[in-house]
2 protein chains.
Amino acid sequence: MAVRTIEVREKVMARNDELAARVRERLAEARVPALNLVSSPGSGKTLLLEQTLKTLGDRLEIAVVSGDVQTQNDADRLALHTDRLVQAVVTGGACHLDARQVMTALDALDLATTDLLFIENVGNLVCPASWDIGETAKVVMFSVTEGEDKPVKYPKMFEKASFAILNKIDLLPYLDFDIEAAIAFARQVNPELRFFRTSALTGEGLEKWYEFLIGRVEKTPA
Amino acid sequence: MAVRTIEVREKVMARNDELAARVRERLAEARVPALNLVSSPGSGKTLLLEQTLKTLGDRLEIAVVSGDVQTQNDADRLALHTDRLVQAVVTGGACHLDARQVMTALDALDLATTDLLFIENVGNLVCPASWDIGETAKVVMFSVTEGEDKPVKYPKMFEKASFAILNKIDLLPYLDFDIEAAIAFARQVNPELRFFRTSALTGEGLEKWYEFLIGRVEKTPA
């Protein structure tokens, strides 16, 4: 029984990896960097994206694929801030997006005129770490209300990510949170991780995030 | 392929449900109510348990099974506050505890002298909703830093829970969080849900939680 489960699981993952490679090809052909935004529930992914769309929307053509277990709440919020299509994916119980869902979502987007794609994954620090969805890079987000040791408790996600956002820094004065300890824990797991310290609410720290995004687009040869 | 995946999955779940039924029997025989504590990462499960052990430890014999993806950090924190065994389960990548892990953990506990068992599940609002681990009731915890709409975004967890804890209420003055809206969203999904509003940090609201726990033990016939 156990052997058969693993065998089937491996086939499902292999099929996903094939599709992820095709997603990656399509994005590369269209020269669209795609950031897969992963986090705990409620760490502020949607608000960060809202702010990003409001601030960079005039300068960059940003598309969003937004995944949720149920509801289209996030996609509906994001659609208010962009004229580009925000594509909602409801996973119906699954704890992560998969490459097939992203492939289908891409069909609804005009990649040729898109500068940058965000994929807002399901809020969960476990499952999305195991599923390649064809993204250019994973950005892991956590918040200063969550506890410093999240990176060592959910190491795979922090290993797989290239960038990390530590959000809600506006709440630091009211919390007993050691930001340097949190970053040290993350670097234990992944020494290469580049950090952004932000408050998506007040805007603190977002300038560097915006510069980074503009840089990503410029690095993708036109 | 899809059919076979579903078939194998159903067998795994059926086997889990059998084991969960045996866990439930063992707990009933020993007259130990078992609360399965589920939440997002960082909503404060471990701190709530630390406070509960400190406050009720003289009065009740409380045992804990603590599940984590990696690390024994939570179990180590809890072990400081109780003489009873805290049993750590490291899931090694899985996003939930299963009934087999709980069964094995029970072997290490002295159920005959235990009044109350907490099972601290992996921090995740998706997977643990689907896995019966033989608990008496699920307690879903979320925090006022997470956004009011969590119950409708992760409805299965709120449907399956009998009790809900809305934690970190000490931060309400610094947040734009509508506590009544959050509770209304939760009641949309599960009208029977009984709510506790707590700050595990300051102790606000914990009296009602402690009374509830004492009541659960008293209701379990000796």
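Residues numbered from 1 in each chain as written. Chains lettered and ligands numbered in written order. Predicted model: local features only at pLDDT ≥ 70, side-chain atom pairs only at ≥ 80, totals over all residues. Heavy atoms only, no water.

### Re the state of the cysteines
All names here are of chain A. We count it as follows: Here, a disulfide means two cysteine sulfur atoms that sit within 2.5 Å of each other. Counting from the N terminus, the helices are DSSP H or I runs at least four residues long and the strands are E runs at least two residues long. Only protein chains enter the accessibility calculation, which uses a 1.4 Å probe; a residue is then buried when its area is under 20% of its type maximum, exposed when over 50%, and partly exposed in between.
This structure, assessed with the given rule, holds two disulfides over all chains. Across the disulfide, Cys95 is cross-linked to Cys127 (sulfur-sulfur distance 2.2 Å). Handedness of the Cys95-Cys127 disulfide follows from its S-S torsion of about -100°: it is left-handed. Linking Cys95 in the loop between strand E3 (86-90) and helix H4 (99-107) with Cys127 in the loop between strand E4 (116-120) and strand E5 (137-143), this pair joins segments that are 32 residues apart in sequence. Accessibility classification places Cys95 together with Cys127 in one group, the buried group.

### Here we look at the interface of chain A and chain B
Quick note on the threshold: The criterion used for residue contact is that any of the two residues' heavy atoms lie within 4.5 Å. Criterion for a salt bridge: a side-chain nitrogen of Lys or Arg within 4 Å of a carboxyl oxygen of Asp or Glu. Any N or O atom pair separated by 3.5 Å or less is treated as a polar contact, with the protein-specific requirement of one donor-capable and one acceptor-capable atom, and with residues adjacent in sequence counted only for side-chain atom pairs.
Contacts between the two partners involve 37 residues from chain A and, on the opposite side, 37 residues from chain B. Of the charged contacts, one joins B:Asp74 and A:Lys153 as a salt bridge, the two residues approaching to 2.7 Å between their closest N and O atoms. At the junction of chain A and chain B, the tally comes to 10 residue pairs in polar contact (both at pLDDT 80 or more). Contributions of two or more residues to the side of chain A that touches chain B are made by helix H1 (2-29), helix H3 (73-79) and helix H5 (150-153) of chain A. Broken down by element, the residue count for the side of chain A that touches chain B peaks at six residues, all from H1(A).

### A look at the pattern of salt bridges
Counted according to the given criterion, the structure contains 18 salt bridges over all chains. Across the pair A:Glu18 and A:Arg15 runs a salt bridge whose closest N-O atoms are separated by 3.1 Å. Remark: A:Arg15 and A:Glu18 occur in helix H1; sequence separation between them is three residues, near one turn of the helix. Classification of A:Glu18 as partly exposed rests on a relative accessible area of 46%. The class of A:Arg15 is partly exposed, set by a relative accessible area of 37%. A salt bridge links B:Glu135 to B:Lys138, with the shortest nitrogen-to-oxygen separation between them at 2.6 Å. An identical accessibility class is assigned to B:Glu135 and B:Lys138; each is buried. Where salt bridges share partners, they join A:Asp68, A:Asp74 and B:Lys153 into one cluster.

### Points about the relation of the copies chain A and chain B
The relation between the two copies of this chain is a rotation about an axis and a shift parallel to it. Our working rule: All copies are superposed by least squares; the fitting set is the C-alpha atoms of residues with a pLDDT of at least 70 in both.
Least-squares fitting of chain A to chain B yields an RMSD of 0.0 Å, with the superposition described by an axial translation of 0.0 Å and a rotation of 180°. Viewed as a symmetry operation, the transformation between the two copies matches a two-fold axis. The fraction of interface residues of chain A whose copies in chain B are also interface residues reaches 100%, indicating that both copies meet through the same surface.

### As for helix H2 (residues 45-56) of chain B
Residue and element names in this part refer to chain B. Quick reminder of the rule: Between the first and last residue of a helix there are one fewer steps than residues, each counted as 1.5 Å, and that sum is the expected span.
With 12 residues, H2 extends 16 Å between its outermost C-alpha atoms, agreeing within 8% with the 16 Å of an ideal straight helix rising 1.5 Å per residue. Burial analysis of H2 places nine of its 12 residues in the buried class, which makes it a mostly covered element. Along H2, the positions that sit buried rather than exposed are Lys45, Thr46, Leu48, Leu49, Glu50, Gln51, Thr52, Leu53 and Leu56.

### Details of the pairing of strand E2 (residues 62-68) of chain B
All names here are of chain B. Keep this limit in mind: Note on pairing: DSSP must find at least two bridges between two strands before they are called paired.
Taken across its seven residues, E2 has seven buried, putting it largely inside the fold. Alternating residues of E2 divide into Ile62, Val64, Ser66 and Asp68 and Ala63, Val65 and Gly67, and every residue in both groups is buried. Both E2 and strand E4 (residues 116-120) contribute to a ladder of five bridges, which runs parallel. What sits directly across from Ile62, in E4, is Leu116.

### A look at the packing of aromatic side chains
Convention followed: Stacked, edge-to-face and tilted labels apply to pairs of Phe, Tyr and Trp rings (six-membered ring for Trp) whose centres lie within 6.5 Å, assigned for plane angles under 30 degrees, over 60, and everything in between, in that order.
This structure, assessed with the given rule, holds 15 aromatic pairs over all chains. Pairing B:Phe163 with B:Phe212 gives two aromatic rings, centres 4.6 Å apart and planes at 55°, and the pair type is tilted. With B:Phe163 in strand E6 (residues 163-167) and B:Phe212 in helix H8 (residues 206-219), this residue pair connects regions lying 49 residues apart in the sequence. Relative accessible area serves as the criterion here: at 10%, B:Phe163 is assigned to the buried category. Take B:Phe212: its relative accessible area is 7%, and that puts it in the buried class. An aromatic cluster is defined as three or more aromatic residues linked by ring pairs; in this entry it consists of A:Phe118, A:Phe163, A:Phe196, A:Trp209 and A:Phe212.

### Describing the environment of A:Leu78
All names here are of chain A. Structurally, the position occupied by Leu78 is in helix H3. For the pair formed by Leu78 and Leu53, sequence separation is 25 residues and the distance between their alpha carbons is 8.0 Å. If sequence neighbours within four positions are ignored, Leu78 has contacts with Thr46, Leu49, Glu50, Leu53, Val64, Ser66, Val86 and Glu120.

By themselves, these observations are geometric and do not establish any function.
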